[in-house]
Amino acid sequence: MEKFTRITAIAAPLLRINVDTDAIIPSREMKTVGKTGLAAGLFAGWRYQAPGSRDENPDFILNREPYRQARILLAGANFGCGSSREHAVWALQEWGMRSIIAPSFGAIFAGNCVRNGILPVVLDNALVEDLARQVEADPARRLLTVDLVDCTVTAPDGRRHAFAIAAADREMLLEGLDGIALTMKRDDEILAFQGRDRLRRPWIYL
Amino acid sequence: MARSIIDKLWDDHLVADLGEGTSLLYIDRVFLHERTGSVALKELAAANRRVRNPEQVFCTMDHIVDTLPGRGDSTRMPGGTSFITQTREAAHAAGITLFDIGSSDQGIVHVVSPEQGIALPGVTLVCPDSHTCTLGGIGALAWGIGSTEAEHALATKTLAVRKPRSMRIDFQGQLAAGVTAKDMILALIGAHSASGGVGYAIEFAGEAVRSLPVEARLTLCNMGVEFGAWTVIIAPDQAVFDYVRGRPYAPRDQVLEQAIAYWRTLPSDPDAVFDREITLDCSTLAPQVTWGTSPQHETGIDGTVPDPAGEPDANRRQAMERALAYMALQPGTRLDQVPIQAAFIGSCTNSRLSDLRAAAAILEGRRVASGVRAICVPGSTQVKLAAEREGLDRVFRAAGFEWRESGCSMCFYAGGESFGFEERVVSSTNRNFENRQGPRTRTHLASPVTVAASAIAGRLADARTLAR
């Protein structure tokens, strides 16, 4: 997994509320059993003129310069709600998105981000809207910095805004850790749990 | 210290405290399907990792599988067959139990799971599917995860989870006749928004919940994720214990009695404290129906399409305007005057035997309005067979409904089938997102009886006007 420490990049505002994972990647765009080849399907319903086509809708933010180079997405509340499909995150990652800043996230989506090197940042709605206004004034020059080392977002006006993130999620992103390998170090504890639990709840052990 | 049901289940599954509110929780059951489970199994094998305790892992074919009679591995969705064949190969290689196409136990994952006794009260169960919270209806601590987390659960029998804040929702009063669990959950989301439960593990409680049969509790919990909750749960009671008895993977005899004794200890202590408590009066609820593109865009069937101009919050107002443009509806339109072109009964929300019985009671002796395409997809092959034994299939067919094999079908577009461009569908499913049921398809969520009544009327309709 790609590590995340700090990025300074163009940010694209997409402040709609309740953007669901069906919108991030429609089901029809998930064509193969795998994690790759999904970027072309990112936001397909909004990004292209018609279903299945690749004729770009010029109004959609990620089809406009300089937002095509955006590595940060400014999003509305409850971003990534809906289906658990990790393809939504794989599509964002392959497209080049490294961090998403929103007032809140769908729970499964946020977990999927952390496991794929994308940093979900929760900031107040008013602050996200303010960042969007600052960026829109001159998106190619008014960049955002997202720093996971000191857990801050630096706005184009130079102000720094702290964000909170679970320590385990931060460590996973900073180190690019494989969660399974980490948990396997606790194999003894898992075996001990099973030993105790088998006596207490025998019906669990088919 | 007084504990909630969620606290108790958390404590009973705690393998290790990882600090800062994060726990390594033991996962009793993992369920997979061919859409997202295939990736997890394949990636796990590619990393040379094995499934730990494959006897506690199950898989079904539901998301992409065709639902037309005589189906096989071929799908309407281009490339869909590879998901099916690769899932089958991976499931066999991993030694997990697969409810395959053609099996009498196949069906939609969250219908099969309690039906087979795989989801039980008090178990932790995860599935790479957001509607896994359905199983809170029988008192399981069950939540949806991504494919990478599914790999983790398969390989380690655990997941690292940060404990969410706690909420209890008190559904007060008794439902009026013709009003259902689907109407309760839509009303909750309408009142508190699609993000009202974000960050919370939620207990559904109260008189209206206690009165619901077990299958209706599964419907209520199904849309917990549409409320934004991490998961939702209802304390198990005698109705659940009776439901579980005799299910294929449920405990039997002495062990069942031991399990029930444990399950009786799970309900929240009377003085348990929650971070947030809200109430919803159910006694005055009408059947609910959505008018927009989020489950929070809903109102009573006796209501009208709201005017975005009256919404003070700018974000919500813009979302409403977008929704009305997508749905081609005007503010002030009476919902029961909106014509429909299609009706769908199915999905993990509302496709169990009790749902089909209730819809059939409306349809019996009546015909679907001309120009309306109506489809019923039973939630599992077991549900389908039971319905056929009762003759429900004949009622549906005589009314003009298609009667299908089980699967997720047109709840979403993965099967490759859609009602069509800009067609208006009344649907017993859980998501009215843009393009969810197909490109530009317009979805109105409602209960199975509302869907049945609307199919007959050719417009959104109040089933209570047709009750016998």
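Computed from a predicted structure; not experimentally measured. (Residues numbered from 1 in each chain as written. Chains lettered and ligands numbered in written order. Predicted model: local features only at pLDDT ≥ 70, side-chain atom pairs only at ≥ 80, totals over all residues.)

> In this structure, what is going on with the sheet that holds strand β18 (residues 424-427) of chain B? I would like to understand it.
Sheet strands pair via backbone hydrogen bonds, and the direction of the pair is either parallel or antiparallel. Residues and elements named next belong to chain B. With parallel pairing, the 5 strands of this open sheet are ordered in space as β17-β16-β15-β18-β19. Across the chains shown, the open sheet's two edge strands, defined by having one partner strand only, are β17 (401-403) and β19 (442-445). Neighbour to neighbour, the strand axes of the sheet diverge by 20° on average, direction disregarded. Against the sheet, helix α14 (residues 392-399) engages β16 (373-376) and β17, with an angle of about 140° to β17. (Pairing = 2+ DSSP bridges. Helix = DSSP H or I, 4+ residues; strand = E, 2+ residues; numbered from the N terminus. Axes fitted to C-alpha atoms, helices over the stretch in contact; angles between N-to-C directions. Contact = placed C-beta atoms within 7 Å.)

> Teacher, can you tell me more about the pairing of β18 of chain B here?
When a strand is regular, its side chains alternate between the sheet's two faces. All names here are of chain B. Across the two faces of β18 the burial is the same, with Arg-424 and Val-426 and Val-425 and Ser-427 all buried. Alignment of strand β15 (residues 342-345) against β18, held across 3 bridges, turns out to be parallel. Bridged to Phe-344 within β18 is Ser-427. Bridge count for β18 against β19 is 4 bridges, and the pairing is parallel. Its bridge partner lying in β19, Ser-427 is registered against Leu-445. (Buried ≥ 20, exposed ≤ 12 C-beta atoms within 10 Å, placed from the backbone.)

> Sorry if this is basic, but what is going on with the domain arrangement of chain B here?
When the parts come together, some accessible area is lost, and that loss is often what is quoted as the size of the interface. Residues and elements named next belong to chain B. We note that the domain assignment places domain 1 (7-160 + 252-263), domain 2 (165-235 + 269-281) and domain 3 (288-465) within chain B. Taking only C-alpha atoms, the centre of domain 1 and the centre of domain 2 are 24 Å apart. Looking at the side of domain 1 that touches domain 2, the elements that each hand over two or more residues are α4 (109-115) and β7 (141-144). (Domains from an automatic or database assignment.)

> Hey, could you run me through the nonpolar core in this one?
Buried together is how nonpolar side chains tend to be arranged in soluble globular proteins. Among the nonpolar cores identified, the biggest contains 217 residues, and Leu-74 and Ile-101 of chain A are the most heavily contacted of them. When sequence neighbours within four positions are dropped, the list of residues in contact with Ile-101 of chain A reads Ile-72, Leu-74, Ala-75, Val-121, Leu-123, Val-128, Leu-131 and Val-153 of chain A. (Core = buried A, V, L, I, M, F, W, Y, C linked by C-beta atoms within 7 Å.)

> Honestly, the interface of chain A and chain B in this entry has me stumped. Any pointers?
Facing 49 residues of chain A, the contacting portion of chain B comprises 62 residues. Elements represented by at least two residues in the side of chain A that touches chain B include exactly α1 (21-24), α4 (107-114), α6 (167-175), α7 (179-184) and α8 (187-200) of chain A. Broken down by class, the residue content of the side of chain A that touches chain B amounts to 21 nonpolar, 15 polar and 13 charged. (Nonpolar A, V, L, I, M, F, W, Y, C, P; charged D, E, K, R; others polar.)

> Can you help me understand the domain arrangement of chain A in this one?
In terms of domain boundaries, chain A breaks down into domain 1 (6-175) and domain 2 (178-206). On a C-alpha basis, the centres of domain 1 of chain A and domain 2 of chain A stand 36 Å from each other.

> Mind showing me how you'd approach α14 of chain B here?
Quick reminder: α-helices carry 3.6 residues per turn. Residues three or four places apart thus point the same way. All names here are of chain B. Taken together, the buried positions of α14 are occupied by Leu-392, Val-395, Phe-396 and Ala-399. Down the axis of α14, the sector holding all buried residues measures 95°, keeping them to one side. The elements touched by buried residues of α14 are α12 (353-363), β16, α13 (381-390) and β17. The first or second residue beyond α14 is Gly-400, which carries a positive phi of 110°. (Arc of directions from axis to C-beta.)

> Where do I start with helix α8 (residues 214-222) of chain B in this structure?
Burial analysis of α8 of chain B places 9 of its 9 residues in the buried class, which makes it a mostly covered element. The set of residues buried in α8 of chain B consists of Val-214, Glu-215, Ala-216, Arg-217, Leu-218, Thr-219, Leu-220, Cys-221 and Asn-222 of chain B.

> Before we go on, may I ask you to explain the environment of Leu-38 of chain A in this structure?
Residues and elements named next belong to chain A. By the element assignment, Leu-38 lies in the loop between α1 and α2 (44-47). Overall, Leu-38 belongs to the buried group, with 25 C-beta atoms counted inside 10 Å. Not counting the four nearest positions on each side in its chain, Leu-38 is found in contact with Ile-25, Glu-29, His-87, Trp-90, Ala-91 and Glu-94.

> Teacher, can you tell me more about the environment of Leu-14 of chain A here?
Residues and elements named next belong to chain A. Looking at where Leu-14 falls in the secondary structure, it is placed in strand β2 (residues 11-14). Given 20 C-beta atoms within 10 Å, Leu-14 falls into the buried group. Taking the C-alpha atoms as reference points, Leu-14 and Ile-25, separated by 11 residues in sequence, lie 15 Å from one another. Here Leu-14 is in contact with Ile-61, Leu-73, Leu-74 and Ala-75, once residues within four sequence places are set aside.

> Mind showing me how you'd approach the confidence of the model for chain B here?
Low-pLDDT portions of the prediction should not be read for the details of their coordinates. Residue-level pLDDT values for chain B average 97, and 100% of them are 70 or greater. The complex prediction reports pTM at 0.97, with the ipTM value standing at 0.94. (pLDDT = per-residue confidence, 0-100.)

> Help me understand the sheet that holds β7 of chain B in this model?
All names here are of chain B. Strand order in this open sheet of 5 strands is β5-β4-β3-β6-β7, and the pairing throughout is parallel. Of all strands in the sheet, those bounded by a partner on one side alone are β5 (97-99) and β7. Averaged over all adjacent pairs, the angle separating strand axes in this sheet is 20°, with direction ignored. Judged from the 2 bridges that link them, strand β3 (residues 29-33) and strand β6 (residues 124-127) form a sheet pairing that is parallel.

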